[in-house]
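# Descriptive analysis of the structure
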Amino acid sequence: MAARLVVLASGGGSTLQALLDASADASFGARVVAVGADRTGIEALARAERAGVATFTCRTSQYADRDDWDAALAEAVAGYEPNLVISAGFMKLVGKRFLSRFGGRFVNTHPALLPSFPGMHGARDALEHGVKITGCTLFVVDDGIDTGPIIAQRVVPVREDDDESTLHERIKVAEREMLVEYVGRMARQGWTIQGRKVTIS
Ligand code: GRF
């Protein structure tokens with residue numbers, strides 16, 4: 001049976017779209033059962049609706065504090081009984097409540113080669129540092145900022161004439177391919193985590 005994916009997003013959802021497209025083929029071994037967001041009116045939610053996938057929104061402003069929001073997000077996600085939860089451009093850090101439920105099966109994609117350039121602006125920070133190569137990283141989320149065990153990485157060369165937008169768009173192409181390849185492999189083959197080492201088999 002196909003693994004159940006819940007995808008969390010905050011923006012355009014091009015990464016989500018890659019997973020929706022991949023899910024259309026049964027041999028992918030996984031399908032997106034729900035898309036959650038921390039805001040309304042975003043293209044990611046529209047993409048989910050067009051694909052006939054359930055959506056939900058958990059806004060921090062709806063809850064007394066961050067802890068309550070975290071618990072509500074965990075509850076909403078749990079309702080879809082996911083095997084794997086994917087942060088695909090989700091611009092919030094989850095907390096202890098979420099991680100205690102989904103730790104080890106919550107993954108995130110980041111637009112830089114971690115551990116370099118963690119945080120909100122991976123592409124911009126790499127460009128400003130003057131690196132010649134950067135890329136993207138898929139990792140298992142832990143309680144740090146982009147610090148969890150690494151599942152996969154892709155290299156993207158920086159061009160002389162790159163600005164943040166051209167570089168980030170090129171990284172996103174690599175991110176989408178990486179995510180589809182590795183989510184599919186995780187779904188079909190399973191995975192283990194020992195310390196910082198993630199093994200898919
Ligand atoms: C990706 O680069 C992701 O790593 C970053 O935001 C981008 C998501 O884009 N944090 P989209 O919303 O999936 O188009």
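The model shown is predicted, which means the values in this text are computed figures rather than measured ones.

## Thoughts on the domain arrangement of the protein
Interface size is commonly expressed as the accessible area that is lost once the parts come together. Domains assigned within the protein are domain 1 (1–102) and domain 2 (109–201). If you average the C-alpha positions of domain 1 and of domain 2, the two centres end up 19 Å apart. Counting the surface lost from both domain 1 and domain 2, the interface buries some 1400 Å², and carbon and sulfur atoms represent 79% of this. The tally of links from domain 1 across to domain 2 stands at zero salt bridges. Our enumeration of links across domain 1 and domain 2 arrives at three residue pairs in polar contact (both at pLDDT 80 or more). Breaking the side of domain 1 that touches domain 2 down by element, the ones donating at least two residues are strand E1 (3–9), helix H1 (14–23) and strand E4 (84–87). Ranked by residues supplied to the side of domain 1 that touches domain 2, first place goes to H1 with five residues. Residue composition of the side of domain 1 that touches domain 2, grouped by class: 13 nonpolar, six polar and no charged.

## What to know about the site of the ligand
Neighbouring the ligand are 13 residues; Gly13, Ser14, Thr15, His168 and Glu175 lie closest to it. When the ligand sits alone it has 370 Å² of accessible area, and the protein chains cover 89% of it. Judged by the fraction of its atoms near the pocket grid, the ligand is located in the largest pocket. For the shell around the ligand, the secondary structure elements donating two or more residues are H1, strand E5 (106–110) and helix H6 (164–189). If one sorts the elements of the shell around the ligand by residue count, H6 sits on top with three residues.

## Remarks on the pairing of strand E3 (residues 54–57)
By the bridge criterion, four bridges tie strand E2 (residues 30–37) to E3 in an arrangement that is parallel. Looking across to E3, one finds that Val35 is bridged to Thr55. At this point the chain moves from E2, through helix H2 (residues 43–50), to the parallel E3, and the crossover so formed is right-handed.

## Quick word on H2
Regarding H2, the residues found buried are Ala44, Leu45, Arg47 and Ala48. Projected down its long axis, H2 carries its buried residues within an arc of 155 degrees, all on one side. Those residues of H2 that are exposed and angled more than 90 degrees off the buried face are Glu49 and Arg50. For H2, the secondary structure elements touched by its buried residues are E1, H1, E2 and E3. Positive phi shows up at Gly52, right after H2, with a value of about 75 degrees.

## Some details on the packing of H1 against H6
Direction vectors running N to C along H1 and H6 enclose 40 degrees, while the axes themselves pass 9 Å from each other. In terms of their interaxial angle, H1 and H6 are classed as oblique. For H1 against H6, the interelement crossing comes out right-handed. Side by side, H1 and H6 meet where Ser14, Thr15, Ala18, Leu19 and Ala22 of the first sit next to Lys172, Arg176, Leu179, Val180 and Val183 of the second. Within the contact of H1 with H6, the residues separate by chemical class into six nonpolar, two polar and two charged.

## A closer look at the packing of aromatic side chains
Counted according to the given criterion, the structure contains four aromatic pairs. Pairing Trp69 with Phe90 gives two aromatic rings, centres 6.5 Å apart and planes at 15 degrees, and the pair type is stacked. With a gap of 21 residues between them, Trp69 in helix H3 (residues 66–78) and Phe90 in the loop between E4 and helix H4 (96–102) connect regions that are remote in the sequence. Phe90 shares its class with Trp69; the two are buried. We note Arg66 situated over the ring of Trp69; from NZ or CZ to the ring centre the distance is 4.9 Å.

Cut-offs applied
- Residues numbered from 1 in each chain as written.
- Predicted model: local features only at pLDDT ≥ 70, side-chain atom pairs only at ≥ 80, totals over all residues.
- Heavy atoms only, no water.
- Domains from an automatic or database assignment.
- Buried area = accessible area lost by both parts, 1.4 Å probe.
- Salt bridge = Lys/Arg side-chain N within 4 Å of Asp/Glu carboxyl O.
- Polar contact = N/O pair within 3.5 Å; in protein donor to acceptor, adjacent residues only side chain to side chain.
- Helix = DSSP H or I, 4+ residues; strand = E, 2+ residues; numbered from the N terminus.
- Nonpolar A, V, L, I, M, F, W, Y, C, P; charged D, E, K, R; others polar.
- Near = heavy atom within 4 Å.
- Areas by Shrake-Rupley, 256 points an atom, 1.4 Å probe, with all protein chains shown as cover.
- 1 Å grid on protein atoms, 1.4 Å probe; cavity = no way out; pocket = protein on both sides within 12 Å on 5 of 7 lines; lining within 4 Å.
- Sits in = over half its atoms within 2 Å of the grid points.
- Pairing = 2+ DSSP bridges.
- Right-handed = clockwise from strand over helix to strand, strands pointing away.
- Buried < 20%, exposed > 50% of the residue type's maximum accessible area, 1.4 Å probe, protein only.
- Arc of directions from axis to C-beta.
- Contact = heavy atoms within 4.5 Å.
- Axes fitted to C-alpha atoms, helices over the stretch in contact; angles between N-to-C directions.
- Parallel < 35°, antiparallel > 145°, perpendicular 65-115°, else oblique.
- Left-handed = near helix turned anticlockwise from the far one by under 90°.
- Phe/Tyr/Trp six-rings, centres within 6.5 Å; stacked < 30°, edge-to-face > 60°.
- Lys NZ or Arg CZ within 6 Å of the ring centre and 35° of its normal.

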